[in-house]
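Here is how the chains run, residue by residue.
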Amino acid sequence: MRKFLATAVAVTALSTTLGLATASQAAAAPRAPQCAKVMKYFTKDHQRFVRLKNLCKQRPACYTIVVPARPAVNGRLAKARTKDVRYGTDRGPRALYVKNRAC
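In every chain, residue numbers begin from 1 and rise along the written sequence. With the structure being a predicted model, the display of local features is reserved for residues of pLDDT at least 70 and the display and counting of side-chain atom pairs for 80 or more, all residues being used for whole-chain, interface and lining totals. Computation of side-chain values covers all heavy atoms of the structure but excludes hydrogens and water.

(A) Region of interest: the overall build of the protein. The helix and strand labels rest on DSSP assignments: H or I over at least four residues marks a helix, E over at least two residues marks a strand, and numbering proceeds from the N terminus. Per the secondary structure count, the protein includes one helix and six strands. For every residue, the accessible area (1.4 Å probe, protein chains only) is compared with the maximum for its type, and the residue is labelled buried under 20%, exposed over 50%, or partly exposed between those bounds. Counting the 103 residues in the protein, one finds 24% classified as buried. Here, residues are in contact when the closest pair of their heavy atoms is within 4.5 Å. Long-range pairs, those at least 24 residues apart, make up 59% of the contacts in the protein between residues at least 6 apart in sequence. Accessible surface for the protein amounts to roughly 7700 Å². Of this, 57% is attributable to carbon and sulfur atoms. The Shrake-Rupley method, run with a 1.4 Å probe, gives the accessible areas here. Residue values count only the displayed protein chains as cover.

This is the structure we're talking about:
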């Protein structure tokens, strides 16, 4: 019984240590800069658009437009630019959000 209890305690301690190590590595992973910002969503001629602005003056911004039940729209903005991006028609769903990603 003592061997079983010692083994259970050792396994628990090792799994906790391993979990903390992977969590700290995930927290230390570099994030994409938050450059692309949504200025407004709008509809024009039955097409849905989102106006994006690159807030970073030193680097291009990459983004993903997330729309439910549709493939994501990926793109890139030049340095310090504003761009209207078409992502669907007014019959489809509106974009949920725009996610910044690494280029």
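After presenting the structure, the write-up continues.
(B) Expanded view of the state of the cysteines. In plain terms, two cysteine sulfur atoms within 2.5 Å form what is called a disulfide here. This model, assessed by the stated rule, comprises two disulfides. Bridging Cys-62 to Cys-103, the disulfide has an S-S length of 2.0 Å. Every disulfide takes its handedness from the sign of the S-S torsion; for Cys-62 and Cys-103 that torsion is 120°, giving right-handed. Separated by 41 residues along the polypeptide, Cys-62 in strand β3 (residues 61–66) and Cys-103 in the segment after β6 (97–101) bring together distant segments of the chain. By relative accessible area, Cys-62 is classed as buried at 5%. Looking at Cys-103, the relative accessible area reads 58%, which means it is exposed. The connectivity of the disulfide bonds within the protein can be written as 1-2, 3-4, using the sequence rank of each bonded cysteine.

(C) Geometry of the sheet that holds β3. By definition, two strands form a pair when at least two bridges between them are found by DSSP. Read across the open sheet, the three strands follow the order β4-β3-β6; overall the sheet is antiparallel. Because the sheet does not close on itself, it has two edges, and the strands there are β4 (73–77) and β6. If you compare each strand with its neighbour and ignore which way they point, the axes differ by 30° on average. When β3 meets β4, the two strands line up antiparallel, connected through five bridges. Bridging from a neighbouring strand, Ile-65 pairs with Val-73 of β4. Axis definition: a line fitted to C-alpha atoms, limited for helices to the stretch in contact. Angles are taken between N-to-C directions and run from 0 to 180 degrees.

(D) Structural detail: the packing of aromatic side chains. Side-chain rings of Phe, Tyr and Trp (the six-membered ring for Trp) are treated as a pair once their centres are within 6.5 Å; stacked means planes under 30 degrees apart, edge-to-face means over 60, and tilted covers the remaining angles. A full pass over the atoms with the stated rule returns one aromatic pair. Measuring from centroid to centroid gives 5.3 Å for Phe-42 and Phe-49, while their planes differ by 10°, and the two rings are stacked. Here the two residues Phe-42 and Phe-49 agree in accessibility, since each one is buried. Ring-over charges, as used throughout, are those where CZ of Arg or NZ of Lys falls within 6 Å of the ring centre and within 35 degrees of the ring normal. Above the ring of Phe-42, the side-chain terminus of Lys-40 is found at 5.3 Å from the ring centroid. Sitting over the face of the ring of Tyr-41, Arg-94 holds its NZ or CZ atom 3.9 Å from the ring centroid.

(E) Main features of the pattern of salt bridges. A pair is scored as a salt bridge if a Lys or Arg side-chain nitrogen falls within 4 Å of a carboxyl oxygen belonging to Asp or Glu. Scanning all chains against the criterion turns up one salt bridge. Here Arg-51 and Asp-84 are joined by a salt bridge, their closest N and O atoms 2.7 Å apart. Of the two residues, Arg-51 sits in strand β2 (residues 47–54) while Asp-84 sits in strand β5 (residues 82–89), which places them 33 residues apart along the sequence. Residue classification places Asp-84 among the partly exposed positions, given a relative accessible area of 37%.

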